[in-house]
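Understanding the architecture of this molecule
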Amino acid sequence: HKQQAWSARFSEPVSALVQRYTASVDFDKRLALFDIAGSIAHATMLTEQGILSADDLASIERGMAQIRDEIASGTFEWKLELEDVHLNIEARLVQLVGDAGKRLHTGRSRNDQVATDIRLWLRDSIDQTVAQIRALQRALVQLAAAHADTIMPGFTHLQVAQPVSFSHHLLAYVEMFGRDAERLRDCRARVNRLPLGAAALAGTTFPINRPRVAELLGFDGVCQNSLDAVSDRDFAIEYNAAAALIMVHISRFSEELVLWMSPAFGFIDLADRFCTGSSIMPQKKNPDVPELARGKTGRVTGHLMSLLMLMKGQPLAYNKDNQEDKEPLFDTADTVIDTLRIFTDMVGGIRVKAESMERTALQGYSTATDLADYLVKKGLPFRDAHEAVAQAVRFAVERGIGLEDIGLEDLRRFSRLIGEDAPEALKLQGSLAARDHLGGTAPNQVRAQVARWQAELNQA
Ligand code: ARG
């Protein structure tokens, strides 16, 4: 009795536990449509090379069309005993079209087949990820466009540092996500190469045409070494690394959203639909979505470690270890794409509390550097200016007042260079406007950056 495609060589069937342990169909069935596309391209090439007949190809195409319909309608019967997506589809094809189905696997192995499927799936996932990054960038730029003149305290060490434009702060994330998209574009070029033709590991005795299969499947080229083609998953690791960085950026943003929404900051409010309440504390409105995203960052980073560990001990060429690449990889893509999508919506629903941001900037001596710069422009060496202003800040802190509340007479005690125009240097608006160079926070610079991103994102 013939249970598996490979059972002829065996004297007893595998135990139920081994069957369940080694099967991957529960999760790799999501590769089905890519598997079918790969099979049709392979069969087309075999036919063009005179290895299959035109009738065989027609039968295979007909059978695959039906299988696609069965999968779409949910009537396809996935069988654990058939191990994985590849053997399930092949067995059904043979049921439907007979010998033509049995000829499909000529010059092919599941090893180059699965590598091809993952690359096709990943290429698609990369394109979806990039599209979602672009959408999130658009949402951030749109919010930034309205807030070039909104002043918030910039922080270092989470202590008020210097005032910045809220747009400038948002655009910092747009830059980070821009590099994330670049990384995915680079990674895509290495993903998009064809393993098929490598067969099990050494190539095949049939006169195949690999560039033709690559062309049919939209690959940019073919893997040049059959051993490498079936065995490395570095392209998947690269994607997961890029995804982990996306999540790290999302996580930093999440942390800020959570802080900003805390009444202690009170910088923003998130739309109710992204928050939940408490079953005991009636007043609560919790920023669950950013918190959960911060948590999911650990999961995506964990998947990166899984894939690296999966690869490190494997001798060439294919080993079954590689079956373990799918669950982490699928979950990484699902998590990243969903997170980007939900953040795009959430950014659109941020309510900015500009007065509260500005008040905090005023309370934190955030223009102390501006007063020091003022003294430098009057001729004082910077280190002396720093000290003079530090004394003034200490004076103000002791009295619980702001620098701008110190009268001119008192202020002049810290430096005789302080003149009538000094209070102007302490104003938040002036502080921003003075940082008027490429990459600085002056509102006109920020507006230029918004325009640059708008132009770039409209093309992308
Ligand atoms: N399910 C396998 C995987 O995901 C397919 C390749 C199996 N090849 C083999 N010779 N056992 O990697």
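Note that the coordinates shown come from a computational prediction; the quantities given were computed from them, not determined experimentally.

We now examine the site of the ligand. With respect to spatial proximity, the complete set of residues near the ligand consists of Ser24, Asp28, Asp84, Arg110, Asn111, Val114, Lys320, Asn322 and Gln323. Top contributing element to the shell around the ligand by residue count: helix H7 (residues 110-145), with 3 residues. For the shell around the ligand, the per-class residue count stands at 1 nonpolar, 4 polar and 4 charged. Split by domain, the shell around the ligand shows at least three residues from each of two domains, domain 1 (14-106) and domain 2 (111-145 + 153-358).

This chain's UniProt record puts "domain: Fumarate lyase N-terminal" (unreviewed entry) on residues 9-302. Secondary structure over residues 9-302 splits into 63% helix and 7% strand, and the C-alpha atoms at its two ends are 39 Å apart.

Attention now goes to the packing of helix H4 (residues 54-73) against helix H5 (residues 85-97). Following both chains from N to C, one finds H4 and H5 inclined at 115°, their axes separated by 9 Å at the closest point. The chirality of how H4 crosses H5 is right-handed. Contacts between H4 and H5 involve Ser59, Ile60, Arg62, Gly63, Met64, Gln66 and Ile67 from the former and Ile89, Arg92, Leu93, Leu96 and Val97 from the latter. Partitioning the contact of H4 with H5 into residue classes produces 7 nonpolar, 3 polar and 2 charged.

You can see Thr441 is positioned in the loop between helix H19 (428-434) and helix H20 (443-459). Apart from the residues lying within four places of it in its own chain, the contact partners of Thr441 are Val164, Ser165, His168, Leu432, Arg435 and Val446.

Turning our attention to the environment of Leu426. Tracing the sequence through the fold places Leu426 in the loop between helix H18 (422-425) and H19. Here the alpha-carbon distance between Leu426 and Leu371, two residues 55 residues apart in the chain, equals 6.3 Å.

A word on the UniProt feature "domain: Argininosuccinate lyase C-terminal" (unreviewed entry) in the protein. According to UniProt, the positions carrying the feature "domain: Argininosuccinate lyase C-terminal" (unreviewed entry) are residues 365-432. The straight-line gap between the two end C-alpha atoms of residues 365-432 is 14 Å; of that span, 62% is helix and 0% is strand.

Now for the pairing of strand S1 (residues 151-156). Two elements, S1 and strand S2 (residues 159-165), share 5 bridges in a ladder whose sense is antiparallel. The residue of S2 that forms the bridge with Ile151 is Ser165. In textbook terms, the turn of a hairpin is the stretch between consecutive antiparallel strands, and for S1 and S2 this stretch comprises 2 residues, one of which, His157, has a positive phi near 55°.

A word on the environment of Thr360. Following the sequence through the fold, Thr360 ends up in helix H14 (residues 354-363). Residue class for Thr360 comes out buried when judged on the 20 C-beta atoms lying within 10 Å of it. Between the C-alpha atoms of Thr360 and Pro153, which are 207 residues apart in sequence, the distance is 6.5 Å.

The next thing to look at is the packing of helix H3 (residues 32-48) against H7. Two elements in contact, H3 and H7, have axes separated by 9 Å at closest approach and are oriented at 120°. It follows that H3 is oblique to H7 by the angle criterion. By crossing handedness, the relation of H3 to H7 is classed as right-handed. Residues Phe34, Asp35, Ala37 and Gly38 of H3 form the contact with H7, whose participating residues are Gln113, Thr116, Asp117, Leu120 and Trp121.

Under the domain assignment, the protein is made up of domain 1 (14-106), domain 2 (111-145 + 153-358) and domain 3 (362-459). Taken over C-alpha atoms, the centre of domain 1 sits 69 Å from the centre of domain 3.

Cut-offs applied
- Residues numbered from 1 in each chain as written.
- Predicted model: local features only at pLDDT ≥ 70, side-chain atom pairs only at ≥ 80, totals over all residues.
- Near = placed C-beta within 6 Å.
- Helix = DSSP H or I, 4+ residues; strand = E, 2+ residues; numbered from the N terminus.
- Nonpolar A, V, L, I, M, F, W, Y, C, P; charged D, E, K, R; others polar.
- Domains from an automatic or database assignment.
- UniProt positions renumbered as here; feature names shortened; annotations may be inferred.
- Axes fitted to C-alpha atoms, helices over the stretch in contact; angles between N-to-C directions.
- Left-handed = near helix turned anticlockwise from the far one by under 90°.
- Contact = placed C-beta atoms within 7 Å.
- Pairing = 2+ DSSP bridges.
- Buried ≥ 20, exposed ≤ 12 C-beta atoms within 10 Å, placed from the backbone.
- Parallel < 35°, antiparallel > 145°, perpendicular 65-115°, else oblique.

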